[in-house]
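# What the coordinates show
Each chain, written out:
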Amino acid sequence: VQKNLIPTWRDEAACLGDLSNLFFPAGETGQHAVQAEQAKAVCARCPVLYTCLKAALDGNESGVWGGMTDRERHNLKNKTTRAQYATVADLRELLEVTLPPCANCGQHRKEKADGMCASCVTESKNAEKVAA
Ligand code: SF4
Ligand SMILES: [Zn+2]
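Note that the coordinates shown come from a computational prediction; the quantities given were computed from them, not determined experimentally.

Another point: the overall build of the protein. Along the backbone of the protein there are five helices and two strands. Reading the helices (α) and strands (β) of the protein from amino to carboxyl end gives α-α-α-α-β-β-α. Once the C-alpha set of the protein is aligned to its principal axes, its extents read approximately 70 × 35 × 20 Å. Burial analysis of the protein (132 residues in total) assigns 29% to the buried set. Put simply, 37% of the contacts in the protein that link residues at least 6 apart link residues at least 24 apart. Charged side chains in the protein number 16 positive and 16 negative. The centres of these two groups are separated by 4 Å.

Take a look at the structure:
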């Protein structure tokens, strides 16, 4: 059996066959940030998102994988232990239950109020002050 005939999670990837550099933004700001958001939008409808994200976390991959940029995966690692994403199911629980995404920015941060992360709460309070 040829190795490349064995089906893997990659065969179900929403980014399968993407030959653009969409998933590999060369930076984090401006156009690169826009590009990362476009890549993440593809991930958002990907059936193998958590499997992909787990592979990227384990393999220290670069680029947008599993709906997260390098920096976002790095931040996730910093605030979790490896045991929290030991399996794909653990990872899913971590991101959907333990650290659900902020309702405003989508980041998986610990501190939350009204469904928003602490940074977004601070930002919206500052915006209110400016408006008042
Ligand atoms: S989660 Fe994103 S990067 Fe990973 S396989 Fe799916 S579309 Fe590709
Ligand atoms: Zn937020």
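Below, the discussion takes up unusual backbone geometry. Although it is not a glycine, Asn 60 sits at a positive phi angle of roughly 50°. Structurally, Asn 60 can be placed in the loop between helix H2 (49–59) and helix H3 (70–78). Residue Asn 60 is classed as exposed on the basis of its relative accessible area of 61%. One non-glycine residue, Asp 114, lies in positive phi territory at about 55°.

Most often, soluble globular proteins have nonpolar side chains that are buried together. Core analysis: the biggest nonpolar cluster contains 18 residues, and Phe 23, Leu 76, Leu 91, Leu 94 and Leu 95 have the highest contact counts within it. Elements with a minimum of two residues in this core: helix H1 (30–44), H2 and helix H4 (88–98).

Our next topic: the coordination of the zinc ion (ligand 2). Around the zinc ion (ligand 2), the protein supplies Cys 102 (SG), Cys 105 (SG), Cys 117 (SG) and Cys 120 (SG) as donor atoms, at distances of 2.3 Å. Of note is the zinc ion (ligand 2), whose four donor atoms meet at the metal with angles of 104 to 113° in an arrangement that counts as tetrahedral. Mapping the donors of the zinc ion (ligand 2) onto the primary sequence gives the spacing C-x2-C-x11-C-x2-C. Of this pair, Cys 105 sits in the loop between H4 and strand S1 (112–113) while Cys 117 sits in strand S2 (residues 116–117), and the two are 12 residues apart along the sequence. Residue classification places Cys 105 among the partly exposed positions, given a relative accessible area of 33%.

Looking now at the site of ligand 1. Around ligand 1, a shell composed of Ala 13, Ala 14, Cys 15, Phe 23, Val 42, Cys 43, Cys 46, Leu 49, Cys 52, Val 64, Trp 65 and Gly 66 is seen. Of the residues belonging to the shell around ligand 1, the class tally is 11 nonpolar, one polar and no charged.

Let us look at the packing of H2 against H4. The interhelical angle for the contact between H2 and H4, taken along N-to-C directions, is 100°, at an axis separation of 9 Å. Put simply, H2 runs roughly perpendicular to H4. Between H2 and H4, the residues in contact are Tyr 50, Thr 51, Leu 53, Lys 54 and Leu 57 and Val 88, Leu 91, Arg 92, Leu 95 and Glu 96, respectively. When its residues are assigned to classes, the contact of H2 with H4 shows six nonpolar, one polar and three charged.

Reading guide: rules and limits
Throughout this document, residue positions are counted from 1 along each chain, in the order its sequence is written. Starting at A for chains and at 1 for ligands, labels are handed out in the order in which the entities are written. It should be noted that, the model being predicted, local features are given only for residues of pLDDT at least 70 and side-chain atom pairs only at 80 or more, the latter also being counted only at that level, while totals for whole chains, interfaces and linings use all residues. The basis for every side-chain value is the complete set of heavy atoms in the structure, and neither hydrogens nor water enter the calculation. Helix and strand assignments come from DSSP, with helices taken as H or I runs of at least 4 residues and strands as E runs of at least 2, each series counted from the N terminus. When a residue's accessible area, from a 1.4 Å probe over protein chains only, is under 20% of the maximum for its type it is buried; when over 50% it is exposed; and in between it is partly exposed. Every residue pair with non-hydrogen atoms within 4.5 Å of one another is taken to be in contact. Charge counting follows a simple rule: Lys and Arg are positive, Asp and Glu are negative, and His as well as the terminal groups are ignored. Taken as the charge location is NZ of Lys, CZ of Arg, CG of Asp or CD of Glu. By nonpolar core we mean a set of buried residues, namely Ala, Val, Leu, Ile, Met, Phe, Trp, Tyr and Cys, connected to one another through side-chain atoms within 4.5 Å. Shown as donors are all N, O and S atoms within 2.8 Å of a metal ion, widened to 3.2 Å for Na, K and Ca; because water is not in the atom set, sites may appear incomplete. Key to geometry: four donors with every angle between 85 and 135 degrees are tetrahedral; four donors are square planar and six octahedral where opposite donors lie over 155 degrees apart and all remaining angles lie between 65 and 115; all other sites are irregular. We call a residue near a given molecule or strand whenever any one of its heavy atoms falls within 4 Å of it. Residues are grouped as follows: Ala, Val, Leu, Ile, Met, Phe, Trp, Tyr, Cys and Pro are nonpolar; Asp, Glu, Lys and Arg are charged; every other residue, Gly included, is polar. Only C-alpha atoms enter the line fits that serve as axes; for helices the fit covers just the stretch in contact. Angles between N-to-C directions range over 0 to 180 degrees. Here the angle decides the label: under 35 degrees means roughly parallel, over 145 means roughly antiparallel, 65 to 115 means roughly perpendicular, and every other value means oblique.

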